[in-house]
Amino acid sequence: MHISDFDYELPAERIAQEPVEPRDSARLLVDLGDRLLHRHVRDIPEYLHDGDLLVVNDTRVIPARLPLPPYITSDSGANERYQTVYSRRPASAAAPTAGL
């Protein structure tokens, strides 16, 4: 396996420039093994069962390290909007895009 096996085309117009509102309406891809489902972040509880562990990165991006990624061209409230909704303490160099 090579890292290049994970390369794919992503057209610029498909890259969100602003987080969706409300934030829990962000899209979620669910892999059930035999099929994929297109859901929303608000649906996560449907896929959690007793004994499951949900890991949440609650760190905030440190502003001194916050040049936005080059594919984010909008700057409307970027410093706060680039944080995940569950961020608490400053400790990250970049926000996980899946958590935006």
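1. Quick look at the overall build of the protein
Each helix and strand in the protein was counted, giving one helix and four strands. Relative to its full complement of 100 residues, the protein shows a buried share of 18%. Taking the intrachain contacts of the protein between residues at least 6 apart in sequence as the baseline, contacts between residues at least 24 apart amount to 47%. A total accessible area of about 8000 Å² is found for the protein, and carbon and sulfur atoms account for 56% of it.

2. Re the confidence of the model for the protein
Mean pLDDT over the protein: 82, with 78% of residues reaching 70 or higher. When the elements of the protein are averaged for pLDDT, helix α1 (residues 78-81) gives the smallest value, 64, and strand β2 (residues 36-40) the largest, 97.

3. A short note on a nonpolar patch on the surface
On the surface, a cluster of nonpolar side chains totalling about 470 Å² of accessible area is made up of M1, I3 and F6. Topologically, I3 is positioned in the segment before β1 (27-31). Note on I3: relative accessible area 75%, which makes it exposed.

4. Thoughts on the pairing of β1
In terms of strand pairing, β1 meets β2 through five bridges, oriented antiparallel. Residue L29 lies in a different strand from β2, and its bridge partner there is H38. The antiparallel hairpin formed by β1 and β2 contains four residues in its connecting segment, where G33 sits at a positive phi of about 90 degrees.

5. Regarding unusual backbone geometry
Residue P22 is bonded to the preceding E21 through a cis peptide linkage, with omega at -10 degrees. Structurally, the position occupied by P22 is in the segment before β1.

Cut-off values and rules
Residues numbered from 1 in each chain as written. Predicted model: local features only at pLDDT ≥ 70, side-chain atom pairs only at ≥ 80, totals over all residues. Heavy atoms only, no water. Helix = DSSP H or I, 4+ residues; strand = E, 2+ residues; numbered from the N terminus. Buried < 20%, exposed > 50% of the residue type's maximum accessible area, 1.4 Å probe, protein only. Contact = heavy atoms within 4.5 Å. Areas by Shrake-Rupley, 256 points an atom, 1.4 Å probe, with all protein chains shown as cover. pLDDT = per-residue confidence, 0-100. Patch = residues over 30% accessible without salt bridge, like charges linked within 9 Å, V, L, I, M, F, W, Y side chains within 5 Å. Salt bridge = Lys/Arg side-chain N within 4 Å of Asp/Glu carboxyl O. Pairing = 2+ DSSP bridges.

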